[in-house]
Amino acid sequence: MGILEKIKAIEDEMARTQKNKATEYHLGLLKAKLAKYRMQLLEPSNKSSKPGEGFDVMKSGDARVALIGFPSVGKSTLLSKMTKTTSTVAAYEYTTLTAIPGMFPSPMGSTTVLDLPGIIEGAASGRGRGRQVVAVAKTADLILMMLDVTKGDEQRKKLEFELEEVGIRLNAAKPDIVFKQKVPGGITINNTVPLTHLNERMIRQILQGYKMHNCDVMIRQDVTVDDFVDVLLGNRKYIRCLYCYNKIDSISLEMVDKYARMPNSIVISCEMDLNLDGLTERIWEYLALNRIYTKKRGVPPDLTEPLVVRQ
């Protein structure tokens, strides 16, 4: 049985299992196995890709913003509006076939904006160069998720699922868990808060499933099974995400107000240049850049080239 078949079997078993206190332990172990197989699927041990495949651009500027979205949602148009970069724009899908960078200047610092090819369902499994797109997204300081407001919430749910599958956690903080492997000495588990989603038996079973028999675990918050597995794998990326709803000129004012009030969201229209200034301000707010001016003793500070760092 291959990895895909194992993943499908576990997903089917989870779908058949009722969620209650009696099955909580069993479902927790299934989630841990599922995460393990998905990691093997995304990062195979044998490197079969040829040198030079994929795409990325050299990091430049003080921060990086990745434009993620389905085809024909306005990513290339937005890049052309925000920067002086010309990205191919057409009335058909898949006009962008590689990562196109653009520099976004501001008094707070310079930022690289990456226009990535549109992804499709199944991108996490490699469809439509999906792995290459999400690999670039993992290097970003902020993900700007471009959404067609006329398509409802389906696009957002599908994109969140694809990014979740490859280990990107949107607008989430890293779980407060200290995990350290050690020389032979067994498993030591401590927690400073009551755990309502995990217990010591489940933690030990998950560790044994990952062949971790000697380690120290300190849990400082009430975490779930998924949070604990994320810390064990150690390859998760916790990235801020701003949901950008485009084409608001095609819907009613009531719908515009609804989407504008959603958390971590902003509404714009690239075609009519609506609220692009507000988008710029939100991007800088989410990047949280600070300027630090240095000076030598006895010399006035140099206010021309600050050191730009993230909070």
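This structure is a prediction, so every number in the text was calculated from the model and none was measured.

J.: Before we move on, could you go through the overall build of the chain and cite the residues and values that matter?
T.: Along the chain, the regular secondary structure elements total nine helices and 12 strands. Expressed as a percentage of its 311 residues, the buried residues of the chain come to 41%. Taking the intrachain contacts of the chain between residues at least 6 apart in sequence as the baseline, contacts between residues at least 24 apart amount to 66%. Summed over all atoms, the accessible surface of the chain reaches about 17300 Å², with 52% contributed by carbon and sulfur.

J.: So what's going on with the side chain of Asp 115? Residues and values would help.
T.: The topology assignment puts Asp 115 in strand 3 (residues 111–115). This buried residue, Asp 115, is left without a salt bridge; Lys 75 holds the nearest opposite charge, at 5.1 Å. Side chain to side chain, Asp 115 and Ser 76 meet in a polar contact 2.7 Å long.

J.: How would you summarise the pattern of salt bridges if you had to cite specific residues and measurements?
T.: Tallying each qualifying case throughout the model produces 13 salt bridges. Notably, a salt bridge pairs Arg 261 with Asp 257, separated by 3.0 Å at the nearest N-O pair. Overlapping salt bridges, with partners in common, bring together Glu 164, Arg 169, Asp 230 and Arg 236 in one network.

J.: Mind laying out the packing of helix 6 (residues 200–209) against helix 7 (residues 225–233), listing which residues take part and the relevant values?
T.: Following both chains from N to C, one finds helix 6 and helix 7 inclined at 35°, their axes separated by 11 Å at the closest point. Regarding helix 6 and helix 7, the two cross each other, and that crossing is right-handed. From helix 6, Met 202, Ile 203, Ile 206 and Leu 207 reach across to helix 7, where they touch Val 225, Phe 228, Val 229 and Leu 232.

J.: Could you give an account of the packing of aromatic side chains, with specific residues and numbers?
T.: Under the counting rule described, the total for this entry stands at one aromatic pair. Its guanidinium or amino end placed over the ring of Tyr 243, Arg 156 lies 3.6 Å from that ring's centre, counting from NZ or CZ. Lying over the aromatic face of Tyr 259, Lys 258 brings its terminal NZ or CZ to 5.3 Å of the ring centre.

J.: Give me the pairing of strand 4 (residues 142–148): which residues, what numbers.
T.: The buried count for strand 4 comes to seven of seven residues, which makes it a mostly enclosed element. Burial along strand 4 is two-sided: Leu 142, Leu 144, Met 146 and Asp 148 facing one way and Ile 143, Met 145 and Leu 147 facing the other are all buried. Pairing between strand 1 (residues 63–68) and strand 4: four bridges, direction parallel. Counted as the bridge partner of Leu 67 is Leu 144 from strand 4. For strand 4 and strand 9 (residues 237–246), the ladder comprises seven bridges, and the chain directions are parallel. Bridging from a neighbouring strand, Leu 144 pairs with Leu 242 of strand 9.

J.: Please provide a residue-by-residue account of helix 6, values included.
T.: Buried residues of helix 6: Met 202, Ile 203, Ile 206 and Leu 207, and no others. On an axial view of helix 6, the arc spanned by its buried residues comes to 135°, and they lie on one face.

J.: Please give an account of the environment of Tyr 238 that cites residues and values.
T.: Mapped onto the elements, Tyr 238 comes out in strand 9. In this view, Tyr 238 contacts Arg 169, Ala 172, Ala 173, Lys 174, Pro 175 and Asp 230; residues no more than four positions away in its chain are not counted.

J.: Account for the sheet that holds strand 6 (residues 177–181), naming residues and giving values.
T.: Reading across from one edge, 6-8-7 is the order of the three strands in this open sheet, with mixed pairing throughout. Lying at the two open borders of the sheet, with one neighbouring strand each, are strand 6 and strand 7 (187–191). Pairs of neighbouring strands in the sheet enclose a mean axial angle of 5°, with direction left out of account. In the packing of helix 6 onto the sheet, contacts are made with strand 6, strand 7 and strand 8 (215–219), and the angle to strand 7 comes to roughly 140°. Its contacts with the sheet put helix 7 on strand 6 and strand 8, and the angle it makes with strand 6 is roughly 40°.

J.: Give me the lowdown on the nonpolar core, citing residues and values where you can.
T.: Counting residues in each nonpolar core, the largest one holds 55 residues, and the members touching the most others are Leu 78, Ile 143, Leu 144, Leu 279 and Ile 283. Once residues within four sequence positions are removed from consideration, Ile 143 is found in contact with Ala 66, Ile 68, Ala 137, Leu 163, Ile 168, Leu 170, Ile 239, Arg 240, Cys 241 and Leu 242.

J.: Pulling in residues and values, what's your account of the confidence of the model for the chain?
T.: Counting all residues, the mean pLDDT for the chain is 81, and 85% of those residues have values of 70 or more. Of all secondary-structure elements in the chain, the lowest mean pLDDT belongs to helix 4 (residues 130–137), at 73, while strand 10 (residues 265–267) reaches the highest, 94.

Basis of the calculations
Residues numbered from 1 in each chain as written. Predicted model: local features only at pLDDT ≥ 70, side-chain atom pairs only at ≥ 80, totals over all residues. Heavy atoms only, no water. Helix = DSSP H or I, 4+ residues; strand = E, 2+ residues; numbered from the N terminus. Buried < 20%, exposed > 50% of the residue type's maximum accessible area, 1.4 Å probe, protein only. Contact = heavy atoms within 4.5 Å. Areas by Shrake-Rupley, 256 points an atom, 1.4 Å probe, with all protein chains shown as cover. Lys, Arg positive; Asp, Glu negative; His and termini not counted. Salt bridge = Lys/Arg side-chain N within 4 Å of Asp/Glu carboxyl O. Polar contact = N/O pair within 3.5 Å; in protein donor to acceptor, adjacent residues only side chain to side chain. Axes fitted to C-alpha atoms, helices over the stretch in contact; angles between N-to-C directions. Left-handed = near helix turned anticlockwise from the far one by under 90°. Phe/Tyr/Trp six-rings, centres within 6.5 Å; stacked < 30°, edge-to-face > 60°. Lys NZ or Arg CZ within 6 Å of the ring centre and 35° of its normal. Pairing = 2+ DSSP bridges. Arc of directions from axis to C-beta. Core = buried A, V, L, I, M, F, W, Y, C linked by side-chain atoms within 4.5 Å. pLDDT = per-residue confidence, 0-100.

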